[in-house]
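Topology and contacts: notes
The residues making up each chain are set out below.
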Amino acid sequence: MLDSVLVANRGEIARRVIRTARRLGVRAVAVYSDADADLPYVREADEAVHLGPSQPARSYLDAAALLEAARKSNATAVHPGYGFLAENADFARRVIEAGLTWVGPGPVAIEQMGDKIRARNLMEQAGVPVSPGTREPVTDVAKAVIEAERVGYPVMVKAAGGGGGIGMGAAADEAGLRAAFETARTRAERFFGSPAILLERYVERARHVEVQILGLADGRVLALGERDCSVQRRHQKVAEETPSPGVSASLRERMLAAAVKAGEAVDYRGAGTVECLVDADAGSFVFLEMNTRLQVEHPVTELVTGIDLVEQQFLVAAGEPPSFDPATVQPAGHALELRIYAEDPVRFLPGPGTISEWDEPAGDGVRVDAGYQAGNTVTPFYDPLLAKLCVHGADRAQALERAREAVTAFRITGPKTNLAFHADLLASPEFVSGDYDTSLVSKLRPR
Amino acid sequence: MAEVRAEMVANVWKVVARDGDQVDDGDTLVILESMKMEIPVLAEGSGVITKLHVAEGDVVQEGDLIATIG
């Protein structure tokens with residue numbers, strides 16, 4: 001097992017990784033910016049190193065500052081969490097070159113999957129289904145118009161180097177494409193440092209379903225079930241569940257097999273996620289992208305499998321076998337995750353602020369991964385995730401009931417929160433029926 | 001005289017309009033950024049901008065004055 005780990009992240013995910021590290025006797029080192037000095041994860045680590053000012057570029061995105069923090073604290077490994085530098089191949093290389101253990105896949109796998117166009121092409125070659133799309137980067141609008149005609153409307157316009165739904169937009173015709181292309185290109189340059197754009201046939205009435213994979217130290221790749229992430233606003237996930245109510249046993253089998261192929265194609269090590277779009281009516285799916293790190297919504301997989309995914313990441317990074325027998329993994333029951341964001345529950349606009357009251361729900365099957373507590377200030381510098389409210393039940397009906405009770409019991413005063421949205425979601429006949437797709441939120445909150 | 005105020009704590013990412021500009025309902029005045037989201041601040045009526053009270057890089061608090069439109 002690892003001796004020590006620096007967690008190059010903040011908030012709930014830093015706290016989550018630190019929890020497993022401490023349980024396993026791995027010395028946990030936290031890093032923090034000015035804005036985060038009082039957050040729970042800083043105190044719960046064995047040691048904490050101040051990184052710099054609040055702006056992400058001068059703290060959690062500052063590779064040199066992170067490596068210096070690792071040196072100062074004698075950490076022997078780096079866990080990147082998600083976001084920030086988690087999918088930055090250069091950072092992974094610098095960690096390895098500094099003689100540290102990188103808790104994640106190799107830099108080459110990160111690169112291969114980080115460029116969405118390259119990833120699509122690679123998956124197509126590996127026999128994983130992809131939707132019609134561009135095989136080379138599109139950098140000017142004239143070319144985009146020609147390519148969209150070839151691919152066929154409606155098309156989805158995305159930054160090739162992007163993620164988090166930033167800059168993504170669907171276009172039904174040429175006028176829409178020109179507007180979406182401009183938005184995607186400016187966002188791509190600003191957020192991802194590359195103007196390369198990818199066009200893909202847009203699947204309407206699709207579910208967003210992803211497969212958790214784990215690449216073992218011996219090279220085998222396991223698929224640990226799927227997660228349905230179709231509840232989205234602004235192309236960002238708000239709630240997730242497993243198993244997916246829209247995936248049949250035979251579709252699941254095909255998706256899990258494809259995800260294993262995807263991982264094998266890049267010699268994947270550690271925890272990763274293969275995201276797909278599912279046409280539930282047709283019983284078909286296409287590859288969307290692969291996230292080469294621990295996923296935000298990993299707890300739902302942990303709840304149904306009983307596997308601690310962070311522990312497996314540590315074991316793989318240390319070159320050791322997993323803590324469970326891959327032959328006997330049998331998911332049990334149903335799990336939901338509700339992302340509690342600091343945003344208003346109607347328009348979903350950010351609402352930072354100081355937390356005067358924070359009272360988490362507890363009870364059978366309830367797990368809360370929180371980044372904050374009473375007295376903390378939620379600042380505008382980082383993403384709006386306050387906590388992940390996760391529930392596990394014997395079946396979907398019990399999980400839904402536990403989720404309703406937990407949402408009602410969760411009290412947060414100070415910043416705005418989307419708890420009221422989750423209450424509406426859990427009362428929505430469409431969500432409760434299980435027969436929903438990525439258009440659900442826009443139906444619950446029509447403009 | 002109409003006052004446009006910030007709805008939340010945010011950083012001023014871009015100032016789109018200028019003092020003296022004629023603006024119509026729905027025109028973008030500035031773009032704020034908070035929690036990794038860009039939030040355009042729009043004119044809520046027609047008029048001339050008498051004063052823009054923010055500059056790029058400023059931090060605004062909820063309720064802070066962004067622009068005055070006459």
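Our subject is the structure that appears above.
**Focus: the overall build of chain B**
- When helices and strands are counted, chain B shows zero helices and eight strands.
- Sequence-ordered secondary structure for chain B, helices as α and strands as β, is β-β-β-β-β-β-β-β.
- What you see for chain B is a C-alpha radius of gyration of 11 Å, in line with the 11 Å of a compact globule of 70 residues.
- Projected onto its principal axes, the C-alpha positions of chain B cover 30 × 15 × 15 Å.
- Expressed as a percentage of contacts within chain B between residues at least 6 apart in sequence, the contacts between residues at least 24 apart total 54%.

**Here's the deal with helix H11 (residues 309-317) of chain A**
Residues and elements named next belong to chain A.
- Judged by how many residues are buried, H11 sits mostly within the fold: eight of nine residues are covered.
- Of the residues making up H11, those classed as buried are Leu309, Val310, Gln312, Gln313, Phe314, Leu315, Val316 and Ala317.
- On its buried face, H11 is in contact with helix H1 (11-23), strand S4 (77-79), strand S5 (101-102), strand S9 (207-215), strand S12 (270-279) and helix H10 (298-305).
- Positive phi appears at glycine 319, one or two residues downstream of H11, with a value of about 80 degrees.

**As for the packing of helix H12 (residues 396-409) of chain A against helix H13 (residues 419-427) of chain A**
All names here are of chain A.
- Where H12 contacts H13, the axes come no closer than 10 Å and their chain directions differ by 150 degrees. Here H13 runs roughly antiparallel to H12, going by the angle between their axes. Between H12 and H13 lies a crossing whose hand is left-handed. Taken together, the residues of H13 that come into contact with H12 (itself represented by Leu400, Ala403, Arg404 and Val407) are Leu419, His422, Ala423 and Leu426.
- Tallied by class, the residues present in the contact of H12 with H13 amount to six nonpolar, one polar and one charged.

**Description of the packing of helix H4 (residues 89-97) of chain A against helix H5 (residues 107-114) of chain A**
All names here are of chain A.
- In contact at an axis separation of 8 Å, H4 and H5 are set at 175 degrees when each is read in the N-to-C sense. Classified by the angle their axes make, H4 and H5 are roughly antiparallel. Note on element contacts: H5 touches H4 through Pro107, Ile110, Glu111 and Gly114, opposite Ala89, Ala92 and Arg93.
- Looking at the contact of H4 with H5 residue by residue, the classes come out as four nonpolar, one polar and two charged.

**A closer look at the nonpolar core**
All names here are of chain A.
- Within the largest apolar cluster, 124 residues are counted, with the highest numbers of intra-cluster contacts made by Val5 and Ala30.
- Per-element accounting of this core gives the leading share, eight residues, to helix H9 (residues 249-265).
- Three or more residues apiece are contributed to this core by two domains, here domain 1 (4-103) and domain 3 (207-444).
- With residues near it in sequence (within four places) discarded, alanine 30 still touches Val7, Ala14, Ile18, Tyr41, Val42, Ala45 and Ala48.
- Core analysis: the second largest hydrophobic core is formed by 21 residues, Met168, Leu177, Phe181 and Ala196 among them.

**So, the sheet that holds strand S1 (residues 4-7) of chain A**
Residue and element names in this part refer to chain A.
- If you trace the five strands from one edge of the open sheet to the other, you get S3-S2-S1-S4-S5, paired in parallel fashion. This sheet does not close on itself; its edge strands, each paired only once, are strand S3 (47-52) and S5.
- Sheet topology note: the S1/strand S2 (residues 27-33) ladder contains four bridges and is parallel. When the bridges of S2 are listed, valine 7 appears paired with alanine 30.

**Let's talk about the sheet that holds strand S5 (residues 37-42) of chain B**
All names here are of chain B.
- Within the open sheet, the four strands sit side by side as S5-S4-S2-S7. Their pairing is antiparallel. Every other strand in the sheet has two partners, leaving S5 and strand S7 (59-60) as the edge strands with one partner each.
- Summarising the sheet, strand S4 (residues 28-34) and S5 pair through six bridges and their orientation is antiparallel. Its bridge partner being in S5, valine 30 is matched across the sheet by valine 41.

**What about H5(A)?**
Residues and elements named next belong to chain A.
- Counting buried residues along H5, six of its eight residues qualify, which places the element largely inside the surrounding structure.
- For H5, the complete set of buried residues consists of Pro107, Ala109, Ile110, Gln112, Met113 and Gly114.
- Looking at the buried side of H5, the elements it contacts are H4, helix H6 (116-125) and strand S13 (284-291).

Reading guide: rules and limits
Residues numbered from 1 in each chain as written. Chains lettered and ligands numbered in written order. Predicted model: local features only at pLDDT ≥ 70, side-chain atom pairs only at ≥ 80, totals over all residues. Helix = DSSP H or I, 4+ residues; strand = E, 2+ residues; numbered from the N terminus. Rg over C-alpha atoms; globule rule 2.2 N^0.38 Å. Contact = placed C-beta atoms within 7 Å. Buried ≥ 20, exposed ≤ 12 C-beta atoms within 10 Å, placed from the backbone. Axes fitted to C-alpha atoms, helices over the stretch in contact; angles between N-to-C directions. Parallel < 35°, antiparallel > 145°, perpendicular 65-115°, else oblique. Left-handed = near helix turned anticlockwise from the far one by under 90°. Nonpolar A, V, L, I, M, F, W, Y, C, P; charged D, E, K, R; others polar. Core = buried A, V, L, I, M, F, W, Y, C linked by C-beta atoms within 7 Å. Domains from an automatic or database assignment. Pairing = 2+ DSSP bridges.

Purely spatial values, then, with no claim about function.
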